[in-house]
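Commentary on secondary and tertiary structure
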Protein chains: 8
Amino acid sequence: MTETAAPQVGIVMGSDSDWPVMEDAATALEEFGIAHEVDVVSAHRMPEEMINYGREAAGRGLRVIIAGAGGAAHLPGMLASVTPLPVIGVPVPLRHLDGMDSLLSIVQMPAGVPVATVSVAGARNAGLLAARILGAGSDDAAAAVRERMATFQEELRAAAEKKGA
Amino acid sequence: MTETAAPQVGIVMGSDSDWPVMEDAATALEEFGIAHEVDVVSAHRMPEEMINYGREAAGRGLRVIIAGAGGAAHLPGMLASVTPLPVIGVPVPLRHLDGMDSLLSIVQMPAGVPVATVSVAGARNAGLLAARILGAGSDDAAAAVRERMATFQEELRAAAEKKGA
Amino acid sequence: MTETAAPQVGIVMGSDSDWPVMEDAATALEEFGIAHEVDVVSAHRMPEEMINYGREAAGRGLRVIIAGAGGAAHLPGMLASVTPLPVIGVPVPLRHLDGMDSLLSIVQMPAGVPVATVSVAGARNAGLLAARILGAGSDDAAAAVRERMATFQEELRAAAEKKGA
Amino acid sequence: MTETAAPQVGIVMGSDSDWPVMEDAATALEEFGIAHEVDVVSAHRMPEEMINYGREAAGRGLRVIIAGAGGAAHLPGMLASVTPLPVIGVPVPLRHLDGMDSLLSIVQMPAGVPVATVSVAGARNAGLLAARILGAGSDDAAAAVRERMATFQEELRAAAEKKGA
Amino acid sequence: MTETAAPQVGIVMGSDSDWPVMEDAATALEEFGIAHEVDVVSAHRMPEEMINYGREAAGRGLRVIIAGAGGAAHLPGMLASVTPLPVIGVPVPLRHLDGMDSLLSIVQMPAGVPVATVSVAGARNAGLLAARILGAGSDDAAAAVRERMATFQEELRAAAEKKGA
Amino acid sequence: MTETAAPQVGIVMGSDSDWPVMEDAATALEEFGIAHEVDVVSAHRMPEEMINYGREAAGRGLRVIIAGAGGAAHLPGMLASVTPLPVIGVPVPLRHLDGMDSLLSIVQMPAGVPVATVSVAGARNAGLLAARILGAGSDDAAAAVRERMATFQEELRAAAEKKGA
Amino acid sequence: MTETAAPQVGIVMGSDSDWPVMEDAATALEEFGIAHEVDVVSAHRMPEEMINYGREAAGRGLRVIIAGAGGAAHLPGMLASVTPLPVIGVPVPLRHLDGMDSLLSIVQMPAGVPVATVSVAGARNAGLLAARILGAGSDDAAAAVRERMATFQEELRAAAEKKGA
Amino acid sequence: MTETAAPQVGIVMGSDSDWPVMEDAATALEEFGIAHEVDVVSAHRMPEEMINYGREAAGRGLRVIIAGAGGAAHLPGMLASVTPLPVIGVPVPLRHLDGMDSLLSIVQMPAGVPVATVSVAGARNAGLLAARILGAGSDDAAAAVRERMATFQEELRAAAEKKGA
């Protein structure tokens, strides 16, 4: 599930069963032409690899990490603890408790280690948030993303308006 | 409550009664030497000003918005709908429901308009997340923030370790 | 989805996907012969239009607004902040959290800006509440609505009684 | 606790221990110069009187009822079932469960019998909502209330703005 | 849905749509040979009839009332306020919130007016609880119910044991 | 904490720290002149004694059991499984979760073993429910309790009414 | 459903309808070659047998008990009160409330009587936790379990890694 | 906060502010004469040290780990992923949400990595569970712990009984 060409965003998830939810993050990034990679990195089943992924992310050129996980969802928070990059957490709803456990496990991080949490199953917004973050930079690429974002928001508005009268 | 000198982060809140919570965001930014401004911008009591604040934020040079609100907390999401900047939402706990209403009102945004939500009353992490976002850029200032973040994380580690054996 | 002829009630919703829920409000108003209009007005995707809708509602002759939205549901509260009219909020349940997020995002409004909230997916009651509000007036039309409401309540009673012994 | 002079709004509560919460409704109405009455009408301890209160409210000239109750809060819904008037429900938080039981007991009414629910302990908004409802009428008194509401909203805005920069 | 022959237990529900849940109460009573009646008595749609039902229940010879309702479930509590008989409340789960609203609306009654609440959709236990209550009396009929209850509990035990090794 | 003279109601609790809550049940019974006993019977710390208490309750002349417990509150349900008597469960709120755990642990009993659950900390209602149950009998003592209950309800009404206008 | 040959772990459940959930515990134990037995032991329908099961468990050679139950789930806690063995509780989700009642009824045990609680429907983890407990011993069998656990964890890691890039 | 002499149980917590809660675990172990160590090991602030602690725990002779953490509590689950030892998780309640976030973050672990979760703030039970686990072994020390546990349970029973009649 990996893409190449100097990825700027790393999308990781605790299990490949999270992919149907997380796929929307990749789609959003593609709409913005933002290179990204996708990987399964389980906090609980391959903790050292997970730590390594986080430790090396900035050095490898990643600028944002999107991490999705469900239940006692530790992946986003653990990655945030080993990288200086912004980490976006996506609460994946599992069979029970409808994602409320995932949400609280991701958003209620202690002071010092923030995770930018989006809605339950909100992977599309995770992708869009990554785009906003990349667009917050000072270089030309950032300006280009900002411009696309303005267009995107205008399209969103137009589509919504069309549904009205 | 405003600070000057080319602010990069705008901290806004729905009411000045949110300041005891939101103050931690300002403190964190100060620790990172990030210029910021602070303002009361109520979505419900001054909606046009709120819309204007969001519309003009990027043009004024802001690169990240931190918005705190409680109860039916609409400020972060409304700002996110009128700016291409990343918006960080801080659920402020009010007298009843312990911030659960604030959290859900902020984090459960519809696809298209992301808010980077932190924990209930987690304003310090909002400031740190803003720093991470600024540090994700490609210029020297970003590199400087990343470096400080690495130092900060090391200090966090050292302080925690010291409390152990 | 718009109806004409001097509408007294405006039914708006954040997305056309809310229509299967919100349709019940229109049906109730039709049963009371109350002219109404229906529109998609998204707080998050077309904020200025939303603000305009609210600002102009009273001037256009609307007397009650019914607003439905789901998740971080900001539409009812935002409209209430820009109109002096009574605003009725309908929490629309989305795929996750069963409408609890919608309910809290609508009902927990800060002091100063009330939203008359009905039950999760309770659009029929929103229509009936609008009728009661119109019936609370002092003119002949209000008296007529009150009379219909008395008949309606009697029919409700009769239907319920018939189901018993 | 009763006031006189052709009351247009009836404020009732299940117990006099609800008064510290419900008082804000009376204050709001006073700010709008709306005549109102206040009474203790317990659904559970004086059910016939409660039914009578609801049955006679419209005939006595009341145009809106505000009902506050806590726990298994049945007063607003029961009154709504015996009056054609709009009924506003205020969930009063009791010692346990922080008003969540009160909120659900009031807002989750079955189709046919709406209650306009405000936030937990949101009695001030109940008063303001009553004002909006009275202001939705077609006569001069309604126009006067609407005008005051516009002033009130402007004052709200000005006060909020003043707290900002 | 009514049965005859000097009913000792009255089973009532807010709507005939509650019958698939409430039927289990009738079945349990039949297993104990306890005469009962079944009726639809809506607190919200026929409040006076509901009050009358409660007021007359003891005089008509009923000794226990079982009341089922969903959402803002007021029937059990309102009946309890107008009868000296023990009232058993069954929280009926509706389409949203899975019965949690029904449970809190029934169980959280104020001091003075108790409702004996059973589990969400626990109508069978409501029937069995009515049997226990009738069996708590001092006459021969009560002794007979107690004896049957002992047999019932032994059968329950035997059936459970048989499922084990 | 035990009282004598042919007790008809047994009040038990999991810990003597529950007494400040459970005391209200005893007070209510005293108001009705119903003889009762009070005991600490812990399901978790003295399970055999608890089983024995339940097994022997009916034979000793008890006609109703009131059981209070907090947290993973097993006492009411376990007693209900070893007695044919009606068991009333009182959810005692502990330091965390505000009694929601106690409530669910008591009310969500499986089919076959009912517990008559009252509100969180609702011991007074437990006592009144026991009185109603004893009043549901066919002998003179029951008639006397019913009469007192009617008086009690009238006093309740009068007191509430007096608090009104 | 019982297996033989000096069982070290007893798997019990309140009802045979819990088996589809609890089966995963047995499967996990089989993967570790740990002899176990399976039984239906209902706290509510066969309390004395349940007490006996717990009292005799250690003497019969059992070293760990896994107990699954749903709703007001009393089996794990009651067994823990009559055995010195570690008891693992599995919250079984029933038709309503999605296992939240089961979880709180099992995990919120009072000080003195611990239950090792796993996730809602987490029977596989209950089996693995039993293996870890047996592996914490000092004899050769424990060393063998520990070794298998290391292999198991490595396989888990390898499988997860394979799903990544 | 560390104790010496061949510790068999390691008590760790995410922050020294958890100590007032976690102290009860140490006290319980002391009552059973079980050697233990205490350390602050933060999953989020010193992740590699945390991983190392878990990786080395078994080799250093620890046989059980007790881990307490609050909010998005990742420590127990992360330790469980890097040790074959049984890990007991204690949900520490923080300032908001009363430990519900801590509980779900600890107990809802994915299949493969169990955490033995106790109640919110239930550190004493964590200590007692560790004792039960050590007592489940086959050697003399285990037999001694089992014996003490029997005495402890008898004392518990006697103390509870004494509080009764």
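The text that follows walks through the structure, step by step, so that each part is easy to find. Worth saying up front: this structure is predicted, and the values here are computed from it rather than measured.

To continue, consider the overall build of chain A. Scanning chain A from N- to C-terminus turns up 6 helices and 5 strands. Its helices and strands taken in sequence order, chain A reads β-α-β-α-β-α-β-α-β-α-α from the N to the C terminus. By the compact-globule yardstick of 15 Å for 165 residues, chain A fits well, its C-alpha radius of gyration being 16 Å. Dimensions of chain A along its principal axes, counting C-alpha atoms only, are 50 × 35 × 35 Å. Considering chain A as a whole, with its 165 residues, one finds that 67% of them fall into the buried category.

Before going further, it helps to spend a moment on the relation of the copies chain E and chain F. For the match of chain E to chain F, the screw axis carries a shift of 0.0 Å, the RMSD comes to 0.0 Å, and the turn is 180°. In symmetry terms, the pair is related by a two-fold rotation axis. When the interface residues of chain E are mapped onto chain F, 100% of them again fall at the interface, so both copies present the same face.

Once that is clear, we can look at the interface of chain E and chain F. When the parts come together, some accessible area is lost, and that loss is often what is quoted as the size of the interface. In this complex, chain E contributes 39 residues to the contact, which on the side of chain F involves 40 residues. When the two sides are added together, the surface that chain E and chain F hide from each other amounts to roughly 3,300 Å², 60% of it contributed by carbon and sulfur. It is Pro84(E), Pro114(E) and Arg132(E) that lose the most area in chain E upon contact with chain F, and together they represent 20% of the buried surface on that side. The interface formed by chain E and chain F holds 0 salt bridges in total. Counting across the chain E and chain F interface gives 23 residue pairs in polar contact (both at pLDDT 80 or more). Contributions of two or more residues to the side of chain E that touches chain F are made by helix H3 (75-81), helix H4 (100-107), strand S5 (116-117), helix H5 (123-135) and helix H6 (140-163) of chain E. Broken down by element, the residue count for the side of chain E that touches chain F peaks at 6 residues, all from H5(E). Class assignment of the residues belonging to the side of chain E that touches chain F gives a composition of 25 nonpolar, 10 polar and 4 charged.

Two side chains bearing opposite charge may form a pair once their charged atoms approach each other closely. On inspection of all chains with the given rule, the structure shows 56 salt bridges over all chains. We note a salt bridge from Asp16(D) to Lys163(F), for which the minimum N-O separation is 3.5 Å. Placement of the pair is Asp16(D) in the loop between strand S1 (9-13) and helix H1 (19-31) and Lys163(F) in helix H6 (residues 140-163), with the two residues belonging to separate chains. For Asp16(D), a relative accessible area of 29% corresponds to the partly exposed category. On the accessibility criterion, Lys163(F) (38% relative accessible area) is partly exposed. Sharing partners across several salt bridges, the network here consists of Glu49(A), Glu154(G), Arg157(G) and Glu161(G).

With that out of the way, let us pick up the interface of chain A and chain B. Each partner contributes to the interface: chain A provides 40 residues, whereas chain B provides 39 residues. Looking at the side of chain A facing chain B, the largest losses of area belong to Pro84(A), Pro114(A) and Arg132(A), adding up to 20% of the total buried there. Counting across the interface, chain A meets chain B through 0 salt bridges. Here chain A and chain B share 23 residue pairs in polar contact (both at pLDDT 80 or more) between them. Going through the elements one at a time, helix H3 (75-81), helix H4 (100-107), strand S5 (116-117), helix H5 (123-135) and helix H6 (140-163) of chain A are the ones with two or more residues in the side of chain A that touches chain B. When residues of the side of chain A that touches chain B are assigned to their parent elements, the largest contribution, 6 residues, is made by H5(A). When grouped by side-chain class, the residues that make up the side of chain A that touches chain B number 25 nonpolar, 10 polar and 5 charged.

Looking now at the relation of the copies chain A and chain B. Once chain A is rotated about the relating axis by 180° and shifted along it by 0.0 Å, it coincides with chain B to within an RMSD of 0.0 Å. Both copies share a contact surface, since 98% of the interface residues of chain A are interface residues in chain B too.

This next bit is on the side chain of Glu37(D). In this fold, Glu37(D) is placed in strand S2 (residues 36-40). Residue Glu37(D) is classed as buried on the basis of its relative accessible area of 8%.

One pass over the full model with this rule turns up 8 aromatic pairs over all chains. For the cation-ring pair, Arg60(C) lies above Tyr53(C), with the distance from its terminal atom to the ring centre recorded as 5.3 Å.

Of note in the backbone geometry, Asp98(A) takes a positive phi value of approximately 60° without being a glycine. Within the fold, Asp98(A) resides in the loop between strand S4 (87-92) and H4. We note that Ala121(B) has phi near 65°; this positive angle belongs to a residue other than glycine. Position of Ala121(B) among the secondary structure elements: in the loop between strand S5 (116-117) and helix H5 (123-135).

Residues and elements named next belong to chain G. Packing of helix H5 (residues 123-135) against helix H6 (residues 140-163) leaves a shortest axis separation of 7 Å and a crossing angle of 135°. As the angle between them shows, H5 and H6 are arranged oblique. Here H5 and H6 pass one another in a crossing that is left-handed. Within the contact between the two elements, H5 uses Arg 124, Leu 128, Ala 131, Arg 132, Leu 134 and Gly 135 and H6 uses Ala 142, Val 145, Arg 146, Met 149, Phe 152 and Gln 153. In the contact of H5 with H6, the residues fall into 7 nonpolar, 2 polar and 3 charged.

So, about the environment of Val9(D). All names here are of chain D. By the element assignment, Val 9 lies in strand S1. Residue class for Val 9 comes out buried when judged on its relative accessible area of 0%. Sequence-wise, Val 9 and Leu 29 are 20 residues apart; in three dimensions their C-alpha atoms are separated by 8.5 Å. What Val 9 contacts, discounting residues up to four positions off in sequence, is Leu 29, Ile 34, Ala 35, His 36, Glu 37, Leu 62, Val 64, Ile 66, Ala 130 and Leu 134.

Glancing now at H5(B). Under the 1.5 Å per step criterion, the end-to-end length of H5(B) is 18 Å for 13 residues, consistent within 8% with the ideal 18 Å. Within the sequence span of H5(B), burial applies to Ala123(B), Asn125(B), Ala126(B), Gly127(B), Leu128(B), Leu129(B), Ala130(B), Ala131(B), Arg132(B), Ile133(B), Leu134(B) and Gly135(B).

For the rest of this paragraph, the subject is the pairing of strand S2 (residues 36-40) of chain C. Where burial is concerned, most of S2(C) is hidden: 5 out of the 5 residues are buried. Each parallel crossover has a hand, and for strand S1 (residues 9-13) of chain C linked through helix H1 (residues 19-31) of chain C to S2(C) it is right-handed.

Residues and elements named next belong to chain D. Across the 5 residues of S1, 5 count as buried, placing the element largely inside the fold. Of the two faces of S1, the one carrying Val 9, Ile 11 and Met 13 and the one carrying Gly 10 and Val 12 are both buried. Both S1 and strand S3 (residues 64-70) contribute to a ladder of 5 bridges, which runs parallel. Bridge pairing in S3 places Met 13 opposite Gly 68.

The rules behind the values
Per-chain numbering applies: the sequence of each chain, read as written, is numbered from 1 onward. Both sets of labels track the order of writing: A upward for chains, 1 upward for ligands. Selection of residues for local features in this predicted model requires a pLDDT of at least 70, selection of side-chain atom pairs for listing and counting requires 80 or more, and totals for whole chains, interfaces and linings are taken over all residues. The side-chain quantities take in all heavy atoms of the structure and omit both hydrogens and water. The secondary structure listing takes helices from DSSP runs of H or I that are at least 4 residues long and strands from runs of E that are at least 2 residues long, numbered from the N terminus. Put simply, the radius of gyration uses C-alpha atoms, and a globule should come to 2.2 Å times the residue count raised to 0.38. When a residue's accessible area, from a 1.4 Å probe over protein chains only, is under 20% of the maximum for its type it is buried; when over 50% it is exposed; and in between it is partly exposed. In this comparison the copies share one frame, found by least squares on the C-alpha atoms of residues holding pLDDT of at least 70 in both. Contact definition: two residues touch when any of their heavy atoms are within 4.5 Å. A 1.4 Å probe defines the accessible area here, and the buried area is the portion of it lost by two parts on being joined, summed over both. The salt bridge definition used is simple: a Lys or Arg side-chain nitrogen within 4 Å of an Asp or Glu carboxyl oxygen. Polar contact is the term for a pair of N or O atoms within 3.5 Å; when the atoms are in protein, one must be able to donate a hydrogen and the other to accept it, and sequence-neighboring residues count only if both atoms are side-chain atoms. The nonpolar class holds Ala, Val, Leu, Ile, Met, Phe, Trp, Tyr, Cys and Pro. Asp, Glu, Lys and Arg form the charged class, and all remaining residues, Gly among them, are polar. For this analysis, a ring pair means two rings from Phe, Tyr or Trp (six-membered ring only for Trp) whose centres lie within 6.5 Å, classed as stacked if their planes differ by under 30 degrees, edge-to-face if by over 60, and tilted for the remaining angles. Note on geometry: a ring has a charge over it if NZ (lysine) or CZ (arginine) is within 6 Å of the ring centre and within 35 degrees of the ring normal. Working convention: axes come from line fits to C-alpha atoms, limited for helices to the stretch in contact. Angles between N-to-C directions cover 0 to 180 degrees. Should an angle fall under 35 degrees it is called roughly parallel, over 145 degrees roughly antiparallel, and 65 to 115 degrees roughly perpendicular, with every other angle called oblique. Here a crossing is called left-handed whenever its near helix is offset anticlockwise from the far helix by less than a right angle, and right-handed whenever the offset is clockwise. Here the expected length of a helix is defined as 1.5 Å per residue gap, with one fewer gap than residues. With the strands aimed away from the viewer, a crossover counts as right-handed if its path from the first strand over the helix to the second runs clockwise. Being paired, for any two strands, means DSSP has found at least two bridges between them.

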